[in-house]
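Take a look at the letters that make up each chain.
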Amino acid sequence: MDTNIQKYLAFAETVRYGSFTKAAEILSYSQSGISRMISDLESEWKVTLLERDRSGVRLTSDGEELLPYVLSVCEEHRKLQMQVDDLNGLHTGLVRIGTMSSIATHWFPQVIKRFQEEYPRVRFEFVVGDYEELEDKVEQGRVECAISRESTRPGLTSEFLQEDELKVLLPRGHRLTSRSRVPINELRNELFALTEKGDQALYKKAFDEAGFTPNTLVTTWDDLSMMSMVESGLCVGIQPDLVLRRMPYDIVIRPLENPVFRNICLVKRQKQTLSLATKRFLDYLNDVRSYDGAHGGPAQCQ
């Protein structure tokens, strides 16, 4: 979807409901994403569209004058998209995508919610796995594409989607919880819980640059088990930000002083032609990421 259309929809729905929060709920964005889109419009048009106060938002005189034109553009775009989809036959279809569990949990549900409003007869098949498993599925044709790390396998291509920052997990009361950012050298003498996934290469790079090998108490394939061990005070941990969304444990999350990121990419076979349903779903996914940073912003640093 065109970026300007996203902004127009954000403005229209905020006016309709008189609330950034309600507009965010309807459009499946974060409140900050909606607010940012409207601020972008105000900067581009050099006008103030909304007055903001504790009671909510309301149109300015400039906003009132421009709103009918925005609503007209939104309606015409909806009609145009429906006509294009009719011409291309997007009445039914199957979206088959491989994905990491953190993506399936924190990106997909709200994207599917929006997508189903427009294409209720399209169905989904998601295969969740680690990096190696997902690349295998793409190569085998089990899925059309996967959202995973950047692939180096011959015959596969990778399209960068987003960075995902690694964060340090600390038990409450730990000496480093007073720091807003944690120097990795400060972790030199800590016991670690680490996950046995492809992200270990990222951890290793960070530790190698700091000149030490982590003192690993436990390795596990399960993110929640690792978080539970941190909560108990047994150790510290490191996890990508997306894994920490709606995290159910009472632990403290801090960024590294020198940030380390994993790249999240769309992986597919070379010259692979994606189905229309999958292409359209990925368009919706990109719409949300462009303003929300994968729904709801970063994990909270307590």
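Residues numbered from 1 in each chain as written. Predicted model: local features only at pLDDT ≥ 70, side-chain atom pairs only at ≥ 80, totals over all residues. Heavy atoms only, no water.

### Concerning the overall build of the chain
Per the secondary structure count, the chain includes 10 helices and 11 strands. For the C-alpha atoms alone, the extent of the chain along its principal axes is close to 65 × 50 × 30 Å. A burial count over the chain gives 47% of its 302 residues as buried. The long-range share in the chain, meaning contacts at least 24 apart out of those at least 6 apart in sequence, stands at 74%. Element-wise, carbon and sulfur atoms account for 48% of the exposed surface of the chain, whose accessible area totals about 14,900 Å². When the 38 basic and 45 acidic side-chain charges of the chain are each reduced to a single mean position, those positions are 1 Å apart. (Helix = DSSP H or I, 4+ residues; strand = E, 2+ residues; numbered from the N terminus. Buried < 20%, exposed > 50% of the residue type's maximum accessible area, 1.4 Å probe, protein only. Contact = heavy atoms within 4.5 Å. Areas by Shrake-Rupley, 256 points an atom, 1.4 Å probe, with all protein chains shown as cover. Lys, Arg positive; Asp, Glu negative; His and termini not counted. Charge placed at Lys NZ, Arg CZ, Asp CG, Glu CD.)

### Section: the packing of helix α2 (residues 20-27) against helix α3 (residues 31-45)
Axis separation between α2 and α3 bottoms out at 8 Å; the angle between their running directions is 105°. What the angle tells us is that α2 and α3 run roughly perpendicular. Taking contact as the criterion, the partners of F20, T21, A23, A24 and L27 in α2 are, on α3, Q31, I34, S35 and I38. Looking at the contact of α2 with α3, its residues break down into 6 nonpolar, 3 polar and no charged. (Axes fitted to C-alpha atoms, helices over the stretch in contact; angles between N-to-C directions. Parallel < 35°, antiparallel > 145°, perpendicular 65-115°, else oblique. Nonpolar A, V, L, I, M, F, W, Y, C, P; charged D, E, K, R; others polar.)

### So, α2
Buried within α2 are the following residues: F20, A23, A24 and L27. Around the axis of α2, the buried residues are gathered within 100° of arc, so they sit on the same side. Taken together, the buried residues of α2 touch α1 (3-17), α3, β1 (50-53), β2 (56-59) and α6 (108-118). One or two positions beyond α2, positive phi appears at S28, with a value near 60°. (Arc of directions from axis to C-beta.)

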